[in-house]
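Summary of structural features
These are the residues of each chain, in order.
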Amino acid sequence: MRPSQLILTLSCPDRRGIVLAVARAIADGDGNIVDSQQFGDPDTGIFFMRVHFADEADAGIDAWRAALSPVAEEFSMTWELHDAGHRPRILVAVSREGHCLNDLLYRWRSGAIPGEVVAVASTVGDHEALVAGYGLPYHRLPGPEADRAERDRALLAHVDEHGAELVVLARYMQILGPEACAALAGRAINIHHSFLPSFRGARPYAQAHARGVKLIGATAHYVTDALDEGPIIEQEVARVDHAHSVAELARVGRDVECAALARAVRWHVEHRVLLHGDRTVVFR
């Protein structure tokens, strides 16, 4: 039988001996490193590391936590240890535009996203048939006319109901309040076009067309109470020119939104994203 796989992620003040200490602790416990990535930020002096290793001793995750704790304490690490075989539970929230939802469901069903989509929540009923085709529950949320706090409570109730470990706002066109942002800190990903802050509000592609933009972009980021300003996980761009109509710009925009969001979700569930203040370190 293949030994179980574990993923260690850590950050700490950078100093000599971190990699050696981690590798030695894993080797001493009869673990075998499959993949290791690291980054030392010269501006902040913080060191980041992701280690994927096989538990060849079949010791179990709790035993490994105990074995790695002395190293973590010695180097003042912020660290997490994950079972690589665990498929994080994902709840997708969506409004009227369904392109990101459709893309995520297809990638999940085809195995391209190693998580488990457990439910979809929406302020509209437009996507109920699509979601039913995947055998998933579809929850209606209070619409834009409802109180934001009431809508947030309904969303968080479904998160708790399904034990969701990640919430993906797949063109969910509602602003989360401070309490919801706090409850979902580090485990909610949003996607939006990258015209901000130049083209805000309604019809951003029409505004961009009027200004003759040459790049269409999308940004996937963690949700914070600073609107659309959370730590960026991934961005995607595509070139356009004068021949693109407003409708064609929007089509390109939908494509780059799907690509950026899918990569961000996959990297998150694979524990490749480490928070670094208002930034992220992504081990791809």
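Heads up: these notes are all about the structure in this document. (Residues numbered from 1 in each chain as written. Predicted model: local features only at pLDDT ≥ 70, side-chain atom pairs only at ≥ 80, totals over all residues. Heavy atoms only, no water.)

**Quick look at helix H1 (residues 18–28)**
Three- or four-residue spacings in an α-helix give side chains the same orientation, since the helix completes a turn every 3.6 residues. Along H1, the positions that sit buried rather than exposed are Ile18, Ala21, Val22, Ala25 and Ile26. With its buried residues spanning 130° around the axis, H1 presents them on a single face. Pointing more than 90 degrees away from the buried face of H1 are the exposed residues Leu20 and Asp28. Where H1 is buried, its residues touch strand S1 (4–13), strand S2 (31–41), strand S3 (46–55) and helix H2 (61–74). Of the residues flanking the end of H1, it is Asp30, one or two places downstream, whose phi is positive at about 60°. (Buried < 20%, exposed > 50% of the residue type's maximum accessible area, 1.4 Å probe, protein only. Helix = DSSP H or I, 4+ residues; strand = E, 2+ residues; numbered from the N terminus. Arc of directions from axis to C-beta. Contact = heavy atoms within 4.5 Å.)

**Details of the side chain of Thr280**
Along the polypeptide, Thr280 turns up in strand S13 (residues 279–282). Of the polar contacts made by the side chain of Thr280, one reaches the backbone oxygen of Ile232; its length is 2.6 Å. (Polar contact = N/O pair within 3.5 Å; in protein donor to acceptor, adjacent residues only side chain to side chain.)

**A look at the sheet that holds S2**
Judged by pairing direction, the sheet is antiparallel, and its four strands sit side by side in the order S2-S3-S1-S4 without closing on themselves. The sheet is open, and its two borders are formed by S2 and strand S4 (78–83), each paired with just one other strand. This sheet shows a mean twist of 10° between the axes of neighbouring strands, independent of strand direction. Pairing between S2 and S3: 10 bridges, direction antiparallel. Bridging across to S3, Gly40 finds its partner in Phe47. In this fold H2 packs onto S1, S2, S3 and S4, with an angle of close to 160° to the strand it touches most, S4. (Pairing = 2+ DSSP bridges. Axes fitted to C-alpha atoms, helices over the stretch in contact; angles between N-to-C directions.)

By themselves, these observations are geometric and do not establish any function.
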